[in-house]
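Take a look at the letters that make up each chain.
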Amino acid sequence: MAGVPSTAVAAAGLIGGYGTARWTGRRELGGAVLAAAGATAAVQWHRQAGPATAAALTGLYVAAFGGSHPLAKKIGAWPSVLAVTGVVAAASALATRRGA
């Protein structure tokens, strides 16, 4: 995904992973989308901001995925996915100073 901003890659992974799992009925396909985008974003974050920031953002990405599940029970699935995606995207943009 050369040329695609890391912020967009991370957001696509969270939204696309959920959407894939929901629309195909195959959680493992959603997980594959989530993992591929997360790995791509992690490499980009490492290049842009260094290993410590990449580790922190990758941890946030994983925590957002995990946290979206209990949050979905309170506010609904799509609102939960969008909320955690917003947090990850904002953190990514701030940490990379441009979201690229």
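The following refers to the structure shown. Just so it is clear, the structure is predicted and the values come from calculations on it, not from any experiment.

## A word on helix 1 (residues 6–24)
In a regular helix each residue adds 1.5 Å, so 19 residues correspond to 27 Å; helix 1 covers 26 Å between its end C-alpha atoms and thus fits that length. Among the residues of helix 1, those classed as buried are Ser6, Thr7, Val9, Ala10, Ala11, Gly13, Leu14, Gly17, Gly19 and Ala21. Directly after helix 1, the chain includes Gly25, whose backbone phi takes a positive value near 75°.

## Observations concerning the pattern of salt bridges
Working definition: two side chains of opposite charge can pair if their charged atoms are close together. Taken as a whole and judged by the stated rule, the model has one salt bridge. Among the ionic pairs, Arg26 bridges to Glu28, the shortest N-O distance being 2.5 Å. Note on Arg26: relative accessible area 43%, which makes it partly exposed.

## So, the side chain of Ser92
In this structure, Ser92 sits in helix 4 (residues 77–96). One polar contact links Ser92 to Thr7, side chain to side chain, over a distance of 2.9 Å. Ignoring anything within four residues of it in the chain, the contact list for Ser92 reads Ser6, Thr7, Trp45 and Leu57.

Criteria and cut-off values
Residues numbered from 1 in each chain as written. Predicted model: local features only at pLDDT ≥ 70, side-chain atom pairs only at ≥ 80, totals over all residues. Heavy atoms only, no water. Helix = DSSP H or I, 4+ residues; strand = E, 2+ residues; numbered from the N terminus. Expected span 1.5 Å × (residues − 1). Buried < 20%, exposed > 50% of the residue type's maximum accessible area, 1.4 Å probe, protein only. Salt bridge = Lys/Arg side-chain N within 4 Å of Asp/Glu carboxyl O. Polar contact = N/O pair within 3.5 Å; in protein donor to acceptor, adjacent residues only side chain to side chain. Contact = heavy atoms within 4.5 Å.

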